[in-house]
Amino acid sequence: MIALLLTLLTLQQVRVEAVVDRDRVMMGGAVTLTITVEASGNEPVQILTPSTVGLEILGTTDQSDVSINEGIATRVLTRTLRLRANAAGAARIGATTVRTGESIAQTDPIEVLVDADDDPG
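It should be emphasised that the depicted structure is a prediction, and the values quoted were computed from it without experimental measurement. (Residues numbered from 1 in each chain as written. Predicted model: local features only at pLDDT ≥ 70, side-chain atom pairs only at ≥ 80, totals over all residues. Heavy atoms only, no water.)

**A look at the environment of Arg82**
1) Next: Take Arg82: it is sitting in strand β7 (residues 72–85).
2) Next: When the C-alpha positions of Arg82 and Thr34 are compared, they lie 8.8 Å apart, and in sequence the two are 48 residues distant.
3) Next: Other than its neighbours up to four places away in sequence, Arg82 contacts Ala30, Val31, Thr32, Glu56, Ile57, Leu58 and Gly59. (Helix = DSSP H or I, 4+ residues; strand = E, 2+ residues; numbered from the N terminus. Contact = heavy atoms within 4.5 Å.)

**What about the sheet that holds strand β1 (residues 14–20)?**
1) Next: Sheet architecture is open: four strands sit in the order β1-β3-β7-β6, paired in antiparallel fashion. The two strands at the open ends of the sheet, each matched to only one other strand, are β1 and β6 (55–69). Averaged over all pairs of adjacent strands, the angle between their axes in this sheet comes to 15°, without regard to strand direction. (Pairing = 2+ DSSP bridges. Axes fitted to C-alpha atoms, helices over the stretch in contact; angles between N-to-C directions.)

**Quick look at the sheet that holds strand β11 (residues 110–115)**
In sheet architecture, strand pairing relies on hydrogen bonds along the backbone and comes in two forms, parallel and antiparallel.
1) Next: Sheet architecture is open: four strands sit in the order β2-β11-β8-β5, paired in mixed fashion. One side of each edge strand has no neighbouring strand; the edge strands of this open sheet are β2 (24–26) and β5 (52–53).

**Section: the environment of Pro109**
1) Next: You can see Pro109 is positioned in the loop between β10 (103–106) and β11.
2) Next: Sequence separation between Pro109 and Ser51 is 58 residues, and the spatial gap between their C-alpha atoms is 9.4 Å.
3) Next: If near-sequence neighbours (up to four positions away) are discounted, Pro109 is found in contact with Arg92, Ile93, Gly94 and Ala95.

**A short note on the nonpolar core**
1) Next: One finds Leu33, Ile35 and Val37 to be the most contacted residues of the largest nonpolar core, which totals 22 residues.
2) Next: Sorting elements by how many residues they give to this core places strand β3 (residues 30–40) first, with five residues.
3) Next: Contacts of Leu33, omitting those with residues within four sequence positions, involve Ala18, Val19, Val20, Pro50, Arg79, Thr80, Leu81, Leu83, Ile93 and Ile110. (Core = buried A, V, L, I, M, F, W, Y, C linked by side-chain atoms within 4.5 Å. Buried < 20%, exposed > 50% of the residue type's maximum accessible area, 1.4 Å probe, protein only.)

Set out below in structure tokens:
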């Protein structure tokens, strides 16, 4: 019984990664945040949208792939957020939190430097 419980806990692992396509952008420019989640097991996966400061979410797309290896389902979910820089200075993307069953995984926050548009027109 204990071996079965340990196996079930092992099957519910989750890994999350969040990266931006650039760490510096002009005000009004776009940044793409890509969140990748790899989860094993059958529990539903919930990706909580991170908070943003100095960045506006323009759109979101999701993609999901499932593979089965030795009877264990592994899902790779990718969420892509297109963000627009709306204030000069240090913009911040908060930690991304993912929940699946009893497992919780979290990324570090991300900072993006936003340069002011010095061109008057």
